[in-house]
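Examination of the molecular architecture
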Amino acid sequence: MTDKDRSHDLSQPLERLHPDERLKFESDYLRGTIVDSLADPITGAISERDNQLTKFHGIYQQDDRDLRSERRRQKLEPAYQFMVRVRLPGGLCRPDQWLALDRLARDCANGTLRITTRQTFQFHGVLKRDLKKLMQGISTAGLDTRAACGDDTRGVVCTVNPWQSRIHAEVESLAKALSDHMAWRSPAYDEIWLDQEPGTSDENEIVEPIYGRTYLPRKFKYGFAVPPINDIDVYTQDVGFIAIADGDELAGFNVCTGGGMGRTDNEPQTYPQLGRVVGFCRTDQVIDVAEKIATVQRDYGDRVDRKHARMKYTIDDRGLDWFKRELEQRLGRSLEPARDYRFEHNGDRYGWFEGDDGNWHYTLFIENGRIQDRDNHPLMSGLRAIAGEHEGDYLLTTNQNLTIANVTPEMRERIEKLLHEYALRDPAHYSALRRSSIACVAFPTCGLAMAESERYLPDLITKLETVMEEAGIGDDAIIVRMSGCNNGCSRPYVAEIGFSGRGPGKYNVYLGGGYHGQRLNKLYLENVDEATILEHLEPMIRRYAKERQAGEPFGDFVIRGGYVAGVHDGREFND
C-alpha cells in the first residue's frame, strides 16, 4: 500500500484535523488492531480506536445501560455488547436470508431483529465472543455489513416494492448497483471477519479509488423515491434521486442534495436541513452523478469539526451555485433542468395490493421495527413460518415496516392462513396515528440516548389516541416521530409532531413538519415531561379537529394556527 493512495487533496496537514482523520489515515485501510481486540479475553470490549474503526464494518460497541449503575456499584466493567447492522440496499431480503438472520438473532444476539429507518436489520446484544460467528453467518447468507456505519456511504434506500411496476423494479436495481459501487473496497473486511489470508499488495495499487485513506468526513446517505410516495423522506438524504416517469418508462431522476437530520442541542450553528433539487440526470448517468457528488464532499467537507462535517454544511457554506458548478465540472457535462413531480405522502401502503404483473404484496405494521415474540403476538415466529413457505421476497421499509412481496395468486390463501394462525394483525387493527409513528432504539442499548424512545413512544401514542378519539378524528393520521437524543435517526425534524430526548422523561417538542416530508418542523416546547406535552397537545388536537380546512394536514394547521412558523430551510430552524 502506497502514499499514492494517501488521501484526496486534504487541504490541511493531518495533525490539524479532527483526531478521527488521523485514526482513519493510520488504520491500514480500516484494519487497525481489530483482530487483537477481538482476541483479548480480559474484557468484553474492544479498544477505543478499534471501536471507531468497527463502525465502518457495520458494528457499534454499546453496553446495557439498564445495568450500568449496578455494575459500577459492583466494580464490574459495563455489560459490553455490540450492535451489528446489515447492508441491505433497497430493503430486499430473500426468505432464505430471512431464515438465516432469524436464526443468527437467536443464536448470537438478543433474540430479536430490528428494522431500521435505513431499510435494513440491526442485531442487538451481540457479545464479543459471538461477533465473528455472527459476521460469518451473515456472509453465508449472501449479505454483509460493510459500510452500514462509519464515515462512508450508508445503506442505499429506495421506495418499496420493485414488483409494483417496471419503474419500481428499475429503481430497486439502481439502488443495489449504487450500494455495491460506493461500498469501500479494502480487503480488511474479508481478512478480519471471514479469515481470508492477506494478499500481496502491489506498491502501485490504489486500494480505495473513490475514498482514499481518510474516506469521507462523515456519514453519507443516498435514497431513491418514486412519486407520488415519498416514503424514504428523500429531502433528508445527502443525495436523493426522485424518479421521473415518461409514461410507463423511467426517464431519469431529479437530483436532490444537501439534506440531513443531525443537530446538537444548544449549538445553533448545527441544524437539520432539506435537500434541494439541482437538476435532472438520465438513468444511465445515476452512478456517475452519485459518485461525483460524494467526491465533492470528500474533498470539501469539514475534517476539523465533525459537527460541521455533513454535506448540508458544505453546500450551505459555499452556496448551491458553487456546488452545482463543482459537480458539473467533475461530470464534464451539465445537469438537465429539473422536471415536474408531485409527492402526496410519506407513509407506507398497508395491507394487500396487486402489482402490475398480477402478483400480490402485503405490508404489515411493525411497531417501531422490533421483530420479536410477545404475549398473544408471536410476530417473529409467524414471519419465520411464512419465510419457510414464501416463494417471493421480504421487503423492509424506511418506516420500519415489512412487505411480504411477490405473492402469487395461488400462494395468497396460504399466506393469509399463516397470518391468521400466528395472529399477525391486520394493519387496520392499529390506529392511523400509531401506523404513522416511528421511534429510534434509544435505551437500553444506544450510547447516545438521553431519553427513552422505542420503549416509551407506544404509551404516549395510546394517550394521544384517546385524545383524537374524543375529538372525533380517531381515524386520521398525524406523523409522529421520536428520537432519544438530538441526532434524529427517526427523522423527527420533518414530522408533524417530533420529539427529541433531552434527559430521562424529558423531550423537546417540534411542530409543523410537512405531510410528505417537504418542510422542517420547529421547536415548540423545550425540555418538558409527558404531563406538559399532553397539556399542550390535547387542546391543539381538539382545535385541529374543529377548525381544520378540508384535507388540511396537522402540520399545515399548526402553522396556520400560529403555533409555529413554517421552516423550509434549516438555517431558519433555530431562529
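Residues numbered from 1 in each chain as written. Predicted model: local features only at pLDDT ≥ 70, side-chain atom pairs only at ≥ 80, totals over all residues. Heavy atoms only, no water.

A few words now on the overall build of the protein chain. In terms of helices and strands, the protein chain carries 17 helices and 22 strands. Here the C-alpha atoms of the protein chain give a radius of gyration of 23 Å, agreeing with the 25 Å that 2.2 N^0.38 yields for 575 residues. Projected onto the principal axes, the alpha-carbon positions of the protein chain cover approximately 70 × 55 × 50 Å. When each of the 575 residues of the protein chain is scored for burial, the buried share is 60%. Restricting to contacts in the protein chain with at least 6 residues of sequence separation, those with at least 24 account for 69%. (Helix = DSSP H or I, 4+ residues; strand = E, 2+ residues; numbered from the N terminus. Rg over C-alpha atoms; globule rule 2.2 N^0.38 Å. Buried < 20%, exposed > 50% of the residue type's maximum accessible area, 1.4 Å probe, protein only. Contact = heavy atoms within 4.5 Å.)

Once that is clear, we can look at helix H6 (residues 128–140). An ideal rise of 1.5 Å per residue puts 18 Å on 13 residues; H6 measures up with 19 Å between its terminal C-alpha atoms. Close packing links the buried residues of H6 with helix H2 (34–39), strand S1 (59–63), strand S2 (80–85), helix H5 (95–108), strand S5 (121–126) and helix H8 (188–193). Positive phi appears at Gly142, one or two residues downstream of H6, with a value of about 85°. (Expected span 1.5 Å × (residues − 1).)

Glancing now at empty space enclosed by the protein. Inspection of the entire model under this criterion finds three cavities of 30 Å³ or more. Its volume calculated, the largest cavity comes out at about 120 Å³. What lines the largest cavity is a set of 13 residues, among which Val160, Asp231, Asp348, Arg349 and Phe353 lie closest to the centre. Computed from the structure, the second largest cavity encloses a volume of approximately 70 Å³. Forming the walls of the second largest cavity are Arg85, Val86, Arg87, Leu88, Pro89, Arg118, Gln119, Thr120, Ala148, Arg154, Gly155 and Val156. Residue composition of the lining of the second largest cavity, grouped by class: five nonpolar, three polar and four charged. (1 Å grid on protein atoms, 1.4 Å probe; cavity = no way out; pocket = protein on both sides within 12 Å on 5 of 7 lines; lining within 4 Å. Points joined across faces, edges and corners; volume = space filled by probe spheres on them. Nonpolar A, V, L, I, M, F, W, Y, C, P; charged D, E, K, R; others polar.)

The next subject is helix H10 (residues 311–318). Of all eight residues making up H10, six are buried, and the element is well covered by its neighbours. Considered for burial, the residues of H10 that qualify are Met311, Lys312, Tyr313, Thr314, Ile315 and Asp316. One or two residues past the end of H10 sits Gly319, with phi positive at roughly 100°.

Right, let's talk about the environment of Asp356 for a bit. Relative to the assigned elements, Asp356 resides in the loop between strand S11 (351–354) and strand S12 (360–364). With a relative accessible area of 65%, Asp356 lands in the exposed category. With 191 residues separating them in the primary sequence, Asp356 and Ser165 have C-alpha atoms 5.4 Å apart.

Looking now at a negative patch on the surface. Where like charges cluster on the molecular surface, the negative patch consists of Asp248, Glu354, Asp356 and Asp357. For Asp357, the position within the fold is in the loop between S11 and S12. Using a relative accessible area of 47% as the deciding quantity, one classes Asp357 as partly exposed. (Patch = residues over 30% accessible without salt bridge, like charges linked within 9 Å, V, L, I, M, F, W, Y side chains within 5 Å. Areas by Shrake-Rupley, 256 points an atom, 1.4 Å probe, with all protein chains shown as cover. Salt bridge = Lys/Arg side-chain N within 4 Å of Asp/Glu carboxyl O. Lys, Arg positive; Asp, Glu negative; His and termini not counted. Charge placed at Lys NZ, Arg CZ, Asp CG, Glu CD.)

Moving on to the sheet that holds S12. As summarised here, the arrangement of the five strands in space is S3-S16-S17-S12-S11, forming an open sheet in which the pairing is antiparallel. Taken across any chain shown, the strands that pair with only one partner, and hence form the sheet edges, are strand S3 (92–93) and S11. The pairing of S12 with strand S17 (residues 402–407) spans four bridges and is classified as antiparallel. Residue pairing across strands places Leu364 opposite Leu402, the latter belonging to S17. Relative to S17, helix H13 (residues 409–421) is tilted by about 150°, and along the sheet it contacts S11, S12 and S17. (Pairing = 2+ DSSP bridges. Axes fitted to C-alpha atoms, helices over the stretch in contact; angles between N-to-C directions.)

This next bit is on the packing of aromatic side chains. Scanning the model with the defined rule gives 25 aromatic pairs in all. Taking 5.6 Å as the distance between ring centres and 15° as the angle between the ring planes, the aromatic pair formed by Tyr456 and Tyr507 counts as stacked. Taken together, the positions of Tyr456 in the loop between strand S18 (437–439) and helix H15 (457–470) and Tyr507 in strand S21 (residues 506–511) put the pair 51 residues apart, joining distant regions of the chain. Ring-pair connections join several aromatic residues into one group, and the members of that group are Tyr524, Tyr544, Phe554, Phe557 and Tyr563. Above the face of the Trp360 ring, Arg412 is positioned so that its terminal group lies 4.4 Å from the ring centre. (Phe/Tyr/Trp six-rings, centres within 6.5 Å; stacked < 30°, edge-to-face > 60°. Lys NZ or Arg CZ within 6 Å of the ring centre and 35° of its normal.)

Once that is clear, we can look at the confidence of the model for the protein chain. This prediction gives the protein chain a mean pLDDT of 95; 97% of its residues lie at or above 70. Considering only residues more than four positions removed or in separate chains, one finds that residues 1–9, a stretch of pLDDT under 50, has 32 contacts. (pLDDT = per-residue confidence, 0-100.)

Attention shifts here to the packing of H10 against helix H11 (residues 320–331). Interhelical geometry of H10 versus H11 gives an angle of 110° and a closest axis separation of 6 Å. As far as their axial angle goes, H11 and H10 are roughly perpendicular. For the pair H10 and H11, contact is made by Met311, Thr314, Ile315 and Arg318 and by Leu320, Trp322 and Phe323, respectively. Classifying every residue of the contact of H10 with H11 by side-chain character gives five nonpolar, one polar and one charged. (Parallel < 35°, antiparallel > 145°, perpendicular 65-115°, else oblique.)

With that settled, consider the pattern of salt bridges. According to the stated counting rule, one finds 51 salt bridges in the structure shown. For Asp28, the salt bridge is made with Arg31, and the minimal N-O distance between the two is 3.5 Å. A salt bridge links Arg434 to Glu367; its shortest N-O distance comes to 2.7 Å. Within this pair, whereas Arg434 is found in helix H14 (residues 432–435), its partner Glu367 is found in the loop between S12 and strand S13 (370–371), the two being separated by 67 residues in sequence. Owing to a relative accessible area of 9%, Arg434 belongs among the buried residues under this scheme. A network of salt bridges, in which partner residues are shared, links Asp20, Glu21, Lys24, Asp151, Arg303 and Arg306.

Two faces belong to every sheet, and in a regular strand the side chains alternate between them. Burial within S17 is extensive, with six of its six residues counted as buried. By the bridge criterion, four bridges tie strand S16 (residues 393–396) to S17 in an arrangement that is antiparallel. The residue bridging Leu396 from the neighbouring strand is Leu402, located in S17. Linkage of S16 to S17, two consecutive antiparallel strands, is achieved through a turn of five residues, within which Gln400 is found at a positive phi near 70°.

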